[in-house]
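Chain and residue survey
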Amino acid sequence: MEVNLGDVRSAGVGFVAGAIVLVAVYSFVGLDEVAAALGRADPAIVAAVVAVALAWLVAWSLALRTVLAVIATEISVPRAFMLFAGATFANNVTPFGQAGGEPFSALLVSRTTGIEYENGLAAVASVDTLNFVPSVSFALVGVGYYATRFTVGGRIELAALALGALALAVPLGAFLGWRARDRLAAVAVSVIVPAGRLVGRVVPIVGTPDRADVRRRIEGFFAALERVAGDRHQLGVALGFSALGWLLLSVSLWLSLVALGHAVPFAAALFIVPLASVASVTPLPGGLGGVEATLVVLIVPITGVDAATAGAAAVVHRGATYWLPVLIGGAATAVLEANNAHGVGE
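These notes cover the structure that comes with them. Remember, predicted model here, so these are calculated numbers, not experimental data.

So, how was this worked out
Counting of residues starts from 1 at the beginning of each chain's written sequence and follows it residue by residue. With pLDDT at 70 or above as the cut-off, local features in this predicted model cover only qualifying residues; side-chain atom pairs require 80 or more to be listed or tallied, and sums for whole chains, interfaces and linings still use all residues. Excluding hydrogens and water, the side-chain values take into account all heavy atoms of the structure. Put simply, DSSP marks the helices as runs of H or I at least four residues long and the strands as runs of E at least two long, and each gets a number from the N terminus on. Classification of residues uses two cut-offs on accessible area relative to the type maximum, computed with a 1.4 Å probe and protein chains only: under 20% is buried, over 50% is exposed, and between them is partly exposed. The contact criterion used throughout is that any non-hydrogen atoms of two residues lie within 4.5 Å. For this document, the term salt bridge refers to a Lys or Arg side-chain nitrogen within 4 Å of an Asp or Glu carboxyl oxygen. To get an axis, fit a line to the C-alpha atoms, keeping to the stretch in contact for a helix; angles then go from 0 to 180 degrees between the N-to-C directions. Note that the term roughly parallel is reserved for angles under 35 degrees, roughly antiparallel for angles over 145, roughly perpendicular for angles of 65 to 115, and oblique for everything else. For a crossing to be left-handed, the near helix must be turned anticlockwise from the far one by less than a right angle; the clockwise case is right-handed. Ten residue types, Ala, Val, Leu, Ile, Met, Phe, Trp, Tyr, Cys and Pro, are classed as nonpolar, four, Asp, Glu, Lys and Arg, as charged, and the remainder, Gly among them, as polar. Between N or O atoms, a polar contact is any pair within 3.5 Å; within protein, one atom must be a potential hydrogen donor and the other a potential acceptor, and residues adjacent in sequence are included only when both atoms are from side chains. Among buried residues, the Ala, Val, Leu, Ile, Met, Phe, Trp, Tyr and Cys ones that are joined through side-chain atoms within 4.5 Å form a nonpolar core. Patch membership requires more than 30% relative accessible area and the absence of a salt bridge. Residues of like charge join within 9 Å; the nonpolar side chains Val, Leu, Ile, Met, Phe, Trp and Tyr join within 5 Å. Calculation of accessible area relied on Shrake-Rupley with a 1.4 Å probe; when residues are assessed, cover is drawn exclusively from the protein chains displayed. Take the number of residues in a helix, subtract one, and multiply by 1.5 Å to get its expected span. Across the chain, bend at a residue is computed as the angle between axes fitted to the seven residues ending at that point and the seven starting from it. Centres within 6.5 Å make a pair out of two Phe, Tyr or Trp rings, where for Trp the six-membered ring is used; the pair is then stacked when the planes are under 30 degrees apart, edge-to-face when over 60, and tilted otherwise.

With respect to the overall build of the chain
Tallying secondary structure elements over the chain gives 13 helices and 0 strands in all. For the chain, the α and β elements follow one another from N to C terminus as α-α-α-α-α-α-α-α-α-α-α-α-α. The proportion of buried residues among the 346 residues of the chain is 45%. Long-range pairs, those at least 24 residues apart, make up 75% of the contacts in the chain with a sequence separation of at least 6.

A short note on the pattern of salt bridges
Per the stated rule, a full pass over the model turns up 2 salt bridges. Of the charged contacts, one joins Glu337 and Arg111 as a salt bridge, the two residues approaching to 3.1 Å between their closest N and O atoms. Of this pair, Glu337 sits in helix H13 (residues 307-341) while Arg111 sits in helix H5 (residues 97-113), placing them 226 residues apart in sequence. Given a relative accessible area of 36%, Arg111 falls into the partly exposed group. Its salt-bridge partner being Glu292, residue Arg318 comes within 2.8 Å of it at the nearest N-O pair. Placement of Arg318 in helix H13 and of Glu292 in helix H12 (residues 290-303) is noted, with a sequence separation of 26 residues between them. Among the residues examined, Glu292 registers a relative accessible area of 3% and is labelled buried.

So, the packing of H12 against H13
The contact between H12 and H13 brings their axes to 9 Å, and the two run at 135°. Accordingly, the angle class assigned to the pair H12 and H13 is oblique. Crossing angle aside, the handedness with which H12 passes H13 is right-handed. In contact with Val291, Glu292, Leu295, Val296, Ile299 and Val300 of H12, H13 contributes Ala307, Ala310, Gly311, Ala314, His317 and Arg318. Of the residues that constitute the contact of H12 with H13, the class distribution is 8 nonpolar, 2 polar and 2 charged.

Points about the environment of Ser242
Tracing the sequence through the fold places Ser242 in helix H10 (residues 232-259). C-alpha of Ser242 to C-alpha of Val127: the two residues are 115 residues apart in sequence and 8.1 Å apart in space. With near-sequence residues (within four places) excluded, Ser242 lies in contact with Trp60, Ala63, Leu130, Asn131 and Pro134. Engagement of the side chain of Ser242 in a polar contact is seen with the side chain of Asn131, the distance being 2.6 Å.

Things to note about the nonpolar core
Generally speaking, a soluble globular protein has its nonpolar side chains buried in company with each other. Val67, Leu68, Leu83, Ile272, Leu295 and Ile299 are the most contacted members of the largest nonpolar core, which has 70 residues in total. In terms of residue count, helix H3 (residues 43-71) provides more of this core than any other element does, 13 residues in total. When sequence neighbours within four positions are dropped, the list of residues in contact with Ile299 reads Leu253, Leu257, Ile272, Gly304, Val305 and Ala310.

Points about a nonpolar patch on the surface
Together, Leu172, Phe175 and Leu176 make up an exposed nonpolar region whose accessible area comes to about 300 Å². Mapped onto the elements of the fold, Leu176 is located in helix H7 (residues 154-179).

Some details on H13
When the terminal C-alpha atoms of H13 are compared, their 48 Å separation across 35 residues agrees well with the 51 Å that a helix rising 1.5 Å per residue should span. At Gly319, H13 shows its largest bend, some 45°. Where H13 begins, the capping side chain belongs to Asp306, and its oxygen is found 3.2 Å from the backbone nitrogen of Ala308.

Topic: the environment of Ala332
With respect to the secondary-structure elements, Ala332 resides in helix H13. With 246 residues separating them along the chain, Ala332 and Gly86 place their C-alpha atoms 5.9 Å apart. Contacts of Ala332, omitting those with residues within four sequence positions, involve Met82 and Ala85.

As for the side chain of Asn131
Take Asn131: it is sitting in helix H6 (residues 117-149). If we skip the residues at most four places from it in the chain, Asn131 touches Trp60, Ser242 and Trp246.

Things to note about the packing of aromatic side chains
Scanning the entire structure with this criterion turns up 5 aromatic pairs. A centroid spacing of 6.1 Å and a plane angle of 85° characterise the contact between Trp254 and Phe266, whose relative ring orientation is edge-to-face. In this pair, Trp254 sits in helix H10 while Phe266 sits in helix H11 (residues 266-277), placing the two residues 12 residues apart along the sequence. Judged by relative accessible area, Trp254 falls into the partly exposed class, the value being 26%. Each ring, one from Tyr322 and one from Trp323, has its centre 4.8 Å from the other, and the planes form 90°; the classification is edge-to-face. Classification of Tyr322 as buried rests on a relative accessible area of 0%. Overall, Trp323 belongs to the partly exposed group, its relative accessible area being 38%. By the ring-pair criterion, three or more aromatic residues cluster together here, those being Trp56, Trp60, Phe84 and Trp246.

So this is what it looks like as structure tokens:
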């Protein structure tokens, strides 16, 4: 998997933009106040946040392993962990979250396991799609708790409406897309083939795509998705790992607040984490800056803590669930690619 200079430059620009947003958010909240709140954090609980984040990576890597076993191949748990960590790294350093990272993740899966690229893409896309279901379910549980126990404010009502719209729009879009998959495949071929030929003329080293081969690969992608959907037992297992991962992400945010001396209702974290994750689908790498801002905006009215504490909790939570996976995933990607280059398998 060769490193493209343009991709590196785009990632660098994205990180600079994310850093600017991050500084702006914490300047508004108050850098000194956030630093003071972080200084009061309980180190033991912060360490627990890190442990929970690692458990989240394991849970979602097991979901990827389960889906891969249905589609094409079985891999060991350690290799699944490294692959998912690499996929998370790709999502966190490219714009638009999973949408930007999926092509790179699929290529890493394909090169590491030896399966065709479209099967790797189907595996990654399936896991991302499965992860949507428990995220909305947990968020609805959190919303329901607050609706029955507290008087909700305007921001929370707006967030709940956005959640409801998302819960309807995504499944509907997926259903319509699946029903029209043949038409989508034809459109994709009509776009990819001319674009590939244009690139081939500009960059001779790039092969000219064959229309029949492109069509075969797209059909293979949809066939792989159909295999995943058809295996209800394994689908249920993957959904279970996905739900466990979302639960652990919520625990991470809840513990981040506990570490700062605020034991808020756990339902608040169930509600906040899925909503804040939507901000990762931005032009910023992994939602850097945008997710932190969303966390602060949601934590303050929902939990009643002050902005500085909310900002500090976002630092702890994102440190464990964003920056730690970047470090682990970057190292995992380097190791896997080194093994791929030397033909080293499991």
